[in-house]
Amino acid sequence: WMKVSWRSDPCYSRYGVNGSLCSFLVYLSEVSSFKPSHHTEDTGPAVVRGNLSDLYSSLQKRVEFRWIHQRIVSMEEIWVEAGRSLSAKYNVTGRKAKQILVHPGALTSESGFRIAEAAFSGGPLGELVQWSDLISTLYILGHHLHFSVSKLDLRQFLAFEGSCPTRHSEIEASLIYTDIVGLKQIQEVLKASRVNYRCKLRILDTFGTEPDFNHVTWAQKHNLNGPFGGLNLIPMQFYTMFPHTPDNTFLGFVVQHQLSAKETERLNSTKRQNQALVYGKRHTFWEGKEAYLDVIHKHMEVHGTVDHSASIPSYVINHGIIKGSEVQVLLRQSKVFVGLSFPYEGPAPLEAIANGCVFLNPKLDPPRSSLNTQFFKGKPNIREIEPHLPYEFSCEGMLQRVNILIEKQDFCNKGASWPPLSALRVLKVEANTSCKQACQQAGLICEPAFFPHVNNAKDLLIHGVDCQTSELSDSQLVFPAFNRHRKHCVFQSDPLLFSCVRSDRSLTRICPCRDYIKEQIALCKACI
């Protein structure tokens, strides 16, 4: 960037930049480097908080956080109790409070998405749910949060002078949580000095980003370009809503199944009816689904929470756009939660299952996307279905997961090693099988952080792989790999191309696996 753009502002020459590599390095390391002037990176101990009241004033200042604020308020009692429960079960003392910048780029007016405005009129809520739960988690865990919802805010938190960043920021963020839109805004604001923040980024990425789409050169060479790829981050810096690929980090969200005492009492008195609730707030989602819904209507009453009644079948009892607590009541009254094949993913199906509903979703044939929701079958017999909420989708489960990720996951320190190497299990995988598949078949999960520990002949020999000859290459995403006949090993020369999800027809993959905690797949058994 410096090579191309150093003439874009005269301030660069004033700081000694003259086009030479040496002047670039001096500027980036000495002039644009930043250090905290008022706050250190860690400010005292992180103590699990017993309420969320001080958080609300920060959220109420921004209209973009209106829906997020509403969800957090409705779940405060549950979050506080989850914090107490986690503290009772695990030692969460001895942690340092971190300065954390939260910048949901998709909520900014500059993004043009209008997600925050549409939240109360049938717009998508999946991203808002995840941001709400992440903010609640970070705050309950005792960290200091700073909110940004515009490029102007970013310029305040990531202070600089003109196009040449020189000024110290008053707060040095230990971590920056943003999304892909926000990342591009950060890059636009920081320009060359963005390298200072690179390892601190955590990108909320609903569908996930696989290594070959992330690697800018590989993506260009193999025609994988797109608006959300080519970011060249460490794949584990992408935080997903569901555990799509082990190459990314599973952040998750909380299924709103746990309710306040008053709401729980109300739901306990709710009786299951012979009715179905349709998953689709926008009337456009219902288009072309009449025959499908007609079949369901033959067997039970059909309810909806739709923004516009005129475009849906006349037999549907439409409740309009309602609050989350009212949706919980409808789910407890219903036997079936009916998907319309779109939205493809979101929190609602898990909330329905947690409330004892069968989730019914059309199977798309042929598949429209590799990320489509699996087809669920099952008779709507509530006596055979017990409500169940996986621990990782509970408030306490998210608190546990995020706390350990904050404390242990480090992309800034090259010598950092986590998860602990004691969890490493190495598998030699037959051709045409990915590490994700092989580890799953062994009851394990592929761990991309372990790839460097199986990417050399010395370590592989310990695990029974004898490399008579070897080479380094970045021509494929399946390295490290082994040719059994030639006893020849190929090691990955570009760490950003380590991949759990790719396979090869002729090479034996060397796969780093680990165990995981039941209902907490992001963590190994030795991780807590």
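Residues numbered from 1 in each chain as written. Predicted model: local features only at pLDDT ≥ 70, side-chain atom pairs only at ≥ 80, totals over all residues. Heavy atoms only, no water.

**Some words on the nonpolar core**
Let me state the cut-off plainly: Residues grouped as a nonpolar core are buried Ala, Val, Leu, Ile, Met, Phe, Trp, Tyr and Cys residues, joined through side-chain atoms within 4.5 Å. Remark: exposure states derive from per-residue accessible area (1.4 Å probe, protein chains only) relative to the maximum for the residue type, with buried under 20%, exposed over 50%, and partly exposed in between. The helix count covers DSSP runs of H or I at least four residues long, the strand count covers runs of E at least two residues long, and both are numbered beginning at the N terminus. By convention here, the domain bounds are inherited from an automatic or database domain assignment. Pairs of residues are marked as contacts when any of their non-hydrogen atoms sit within 4.5 Å.
Formed by 86 residues in total, the largest nonpolar core has its most connected members in L55, W79, L134, I135, L138, Y177 and V402. Ranked by residue count, the leading element in this core is helix α8 (residues 126-140), at eight residues. Residue contributions to this core reach at least three from each of two domains, namely domain 2 (52-250) and domain 4 (416-514). Setting aside anything within four residues of it in sequence, one finds I135 in contact with L55, F65, I68, I72, V102, L145 and F147. Ranked by size, the runner-up nonpolar core spans 17 residues in total, among them F157, I180, I186 and Y197.

**Let's talk about the pairing of strand β5 (residues 201-204)**
Note the following rule: With the strands aimed away from the viewer, a crossover counts as right-handed if its path from the first strand over the helix to the second runs clockwise. Two strands make a pair as long as DSSP finds a minimum of two bridges between them.
Every second residue of β5 is oriented toward a common face, with L201 and I203 on one face and R202 and L204 on the other, all of them buried. The handedness of the strand β4 (residues 175-179) to β5 crossover, carried by helix α10 (residues 180-190), is right-handed. Looking at chain direction, β5 and strand β6 (residues 238-240) are connected through two bridges and run parallel. The residue bridging L204 from the neighbouring strand is Y239, located in β6.

**Some thoughts on the pattern of salt bridges**
A side chain of one charge can pair with a side chain of the opposite charge when the charged atoms of the two come close. Stated formally: Within this document, salt bridges are pairs made up of a side-chain nitrogen of Lys or Arg and a carboxyl oxygen of Asp or Glu, the two lying within 4 Å of each other.
Within the structure shown, the criterion is met by 11 salt bridges. With a closest N to O distance of 2.5 Å, R62 and D153 form a salt bridge. One end of the pair, R62, is in the loop between α4 (53-60) and α5 (66-74); the other, D153, is in helix α9 (residues 151-157), and 91 residues separate them in sequence. D133 is the salt-bridge partner of R71, the closest N and O atoms lying 3.0 Å from each other.

**Remarks on the pairing of strand β9 (residues 301-304)**
Direction of pairing for strand β8 (residues 275-278) relative to β9: parallel, over a ladder of three bridges. By the bridge assignment, L277 is partnered in β9 with H303. Viewed along the sheet, the connection from β8 through helix α14 (residues 290-299) into β9 turns out right-handed.

**Observations regarding the packing of α8 against helix α17 (residues 395-408)**
Cut-off, in case you're wondering: To get an axis, a line is fitted to the C-alpha atoms, and for a helix only the part in contact is used. The angle between two axes follows their N-to-C directions and goes from 0 to 180 degrees. Each angle receives one of four descriptions, namely roughly parallel if under 35 degrees, roughly antiparallel if over 145, roughly perpendicular if within 65 to 115, and oblique otherwise. The handedness criterion is simple: a crossing whose near helix is rotated anticlockwise from the far helix by less than a right angle is left-handed, and one whose near helix is rotated clockwise is right-handed.
Closest axis-to-axis distance for the α8/α17 pair is 10 Å, and the angle between their directions is 70°. Compared by their axis directions, α8 and α17 come out roughly perpendicular. Like other packed secondary-structure pairs, α8 and α17 cross with a definite hand, here right-handed. Residues D133, L134, T137, L138 and I140 of α8 form the contact with α17, whose own contacting residues are M398, L399, V402 and I406.

Everything listed here is a matter of geometry and, on its own, says nothing about what the molecule does.
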